[in-house]
Amino acid sequence: RGAKAVPLSVPDPQVMVGLCNAIARPESAAIHARLLKERPHEIQPAVRRELRHDLGKVPHARTQETLVRLLFSEPEGVRVAAAAALGRFRIVAGTARALLGALDDPANRKRPIVRLSIVRALGELGDADALSRLHEIAAQRDFDVAGEAVSACGKIGKTDSIPVLL
């Protein structure tokens, strides 16, 4: 209270990346989430991608919330990085449900590389609740995404997926 926040302005992206790496520790997950939530316009896209990577190392509900939000509002490369990071959030409840929601986003439907990354993340999570949707995706015409869905079903390893895997 009583402290004045001053916007951080670092013209050199490498310096900013170094700063981001310095705060990329589990104990600073709240700092990451706040920085990305409250001041995203001040962070250059390359630095935002680096933050996504670092946030992926901190499987926590706050970082999950931030990464999920990025699946809906960021450039394609950042969406891909956020999906990949979420694939490592096995211990955070609701991650698969959030990724499935991101698949339905109209902007993501038009981005095969984002869909592929989300499907890959679902396979990494290993959540059997995603199987029915993965089975649907495996039957679609986009062969890259469909192939990734088949792979994800195999990683989840339930007998329900045997027809998809054959």
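This is a predicted model, so every value here is computed, not measured.

Rules of the game
Per chain, the residues get numbers from 1 upward, laid out in the order the sequence is written. Totals for whole chains, interfaces and linings use every residue, but because this is a predicted model, local features are given only for residues with pLDDT of at least 70 and side-chain atom pairs only at 80 or more, for both listing and counting. In computing side-chain values, all of the structure's heavy atoms are included and hydrogens and water are not. Secondary structure is summarised from DSSP: a helix means a run of H or I of at least four residues, a strand means a run of E of at least two, and numbering begins at the N terminus for each. Partly exposed residues are those whose accessible area sits between 20% and 50% of the maximum for their type, while under 20% is buried and over 50% is exposed, using a 1.4 Å probe and protein chains only. Residue contacts are defined here by distance: any two heavy atoms, one from each residue, within 4.5 Å place the two residues in contact. Residue-level accessible areas treat just the shown protein chains as cover; the underlying method is Shrake-Rupley with a 1.4 Å probe. A 3.5 Å cut-off defines polar contacts: any pair of N or O atoms within that distance qualifies, except that in protein one atom must be a possible hydrogen donor and the other a possible acceptor, and neighbouring residues in sequence count only when both atoms are side-chain atoms.

Enquirer: For the overall build of the protein, give the residues involved together with the corresponding values.
Expert: Scanning the protein from terminus to terminus reveals 11 helices and 0 strands. The order of α-helices and β-strands along the protein, N terminus first, is α-α-α-α-α-α-α-α-α-α-α. By residue count, 41% of the 166 residues in the protein fall in the buried class. In the protein, once contacts between residues fewer than 6 apart in sequence are set aside, the share between residues at least 24 apart is 60%. Carbon and sulfur atoms make up 55% of the accessible area of the protein, which amounts to about 9200 Å² in all.

Enquirer: Account for the environment of S117, with residues named and values stated.
Expert: Tracing the backbone shows S117 in helix α8 (residues 112–125). For S117, a relative accessible area of 7% puts it in the buried group. In this structure the C-alpha to C-alpha distance between S117 and R79, which are 38 residues apart in sequence, comes to 8.5 Å. Setting aside residues up to four positions removed in sequence, S117 forms contacts with V80 and A83. Here I113 takes part through its backbone oxygen, which lies 2.9 Å from a polar atom of the side chain of S117.

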